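# Structural characterization, general
Chain residues, written in single-letter form:
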Amino acid sequence: DQQVKQNSPSLSVQEGRISILNCDYTNSMFDYFLWYKKYPAEGPTFLISISSIKDKNEDGRFTVFLNKSAKHLSLHIVPSQPGDSAVYFCAASSGSARQLTFGSGTQLTVLP
Amino acid sequence: DTGVSQDPRHKITKRGQNVTFRCDPISEHNRLYWYRQTLGQGPEFLTYFQNEAQLEKSRLLSDRFSAERPKGSFSTLEIQRTEQGDSAMYLCASSLGQGAYSPLHFGNGTRLTVT
């Protein structure tokens, strides 16, 4: 049972436009949500997070939105840049161990 | 602060052999995690240490897998009698386990190929 789902395996966006990556979850116990970016041959790099008590968090070009009633979160990147091309993973955290449950990732390609 | 370091980067082994991976976390981080990632999937949780204590293990961690974190510093993950299904990227992560939520910081992983 996949508790965190990213239904779009890939997304292509023109440079300068907005990229929107989506993620759905099923476990109501998740209380912290994160986005990681991964380049080939590297480990995932933390990008941005949001607590379940908030519905929006912004950091520069990156904004994460959380809709708890829909169990849905999204990552907006604006403006998109070619260097943003990577696999983006959505992750959710719960419990005292704060382990993360990851989605399967979305490959973002930003076209110049 | 050089980040989370993992060694080796790549390991090719024959089925049935034992392998050991090492992880050096960020120095002030007291929490250490092991994850496994296969092609097309996100990382999957294997086990977690708070200082030197192993506090949680996934059901993915069979009896052939053992992890240690002596003295609460570096950690090792050993796989005994490797099987082809063990081929994956093994990721280590660390975080601060106190105060406000602290994101996990990942190393670049050890890619294991079992032939």
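Scoring rules and cut-offs
- Residues numbered from 1 in each chain as written.
- Chains lettered and ligands numbered in written order.
- Predicted model: local features only at pLDDT ≥ 70, side-chain atom pairs only at ≥ 80, totals over all residues.
- Heavy atoms only, no water.
- Helix = DSSP H or I, 4+ residues; strand = E, 2+ residues; numbered from the N terminus.
- Rg over C-alpha atoms; globule rule 2.2 N^0.38 Å.
- Areas by Shrake-Rupley, 256 points an atom, 1.4 Å probe, with all protein chains shown as cover.
- Lys, Arg positive; Asp, Glu negative; His and termini not counted.
- Charge placed at Lys NZ, Arg CZ, Asp CG, Glu CD.
- Buried < 20%, exposed > 50% of the residue type's maximum accessible area, 1.4 Å probe, protein only.
- Pairing = 2+ DSSP bridges.

## Description of the overall build of chain A
In terms of helices and strands, chain A carries zero helices and 11 strands. Along the chain direction, N to C, the helices and strands of chain A fall in the order β-β-β-β-β-β-β-β-β-β-β. The C-alpha atoms of chain A give 13 Å as radius of gyration, which agrees with the globular expectation for 112 residues (13 Å, within 12%). Taken along its principal axes, the extent of the C-alpha atoms in chain A is 40 × 30 × 20 Å. In the structure as shown, chain A presents an accessible area of about 5300 Å², 49% of it carried by carbon and sulfur atoms. Of the side chains in chain A, 10 bear a positive and 9 a negative charge, and the two mean positions are spaced by 3 Å.

## Some thoughts on the environment of S28(A)
By the secondary structure assignment, S28(A) is in the loop between β3 (19-25) and β4 (32-38). Separated by 12 residues in sequence, S28(A) and G16(A) place their C-alpha atoms 35 Å apart.

## Considerations on the pairing of β3(A)
All names here are of chain A. With burial as the criterion, only one face of β3 is covered, namely that bearing S19, L21, C23 and Y25; the residues I20, N22 and D24 on the opposite face remain uncovered. For β3 and strand β8 (residues 72-77), the ladder comprises six bridges, and the chain directions are antiparallel. What sits directly across from L21, in β8, is L75.

Don't take any of this as a statement about function, it's just geometry.
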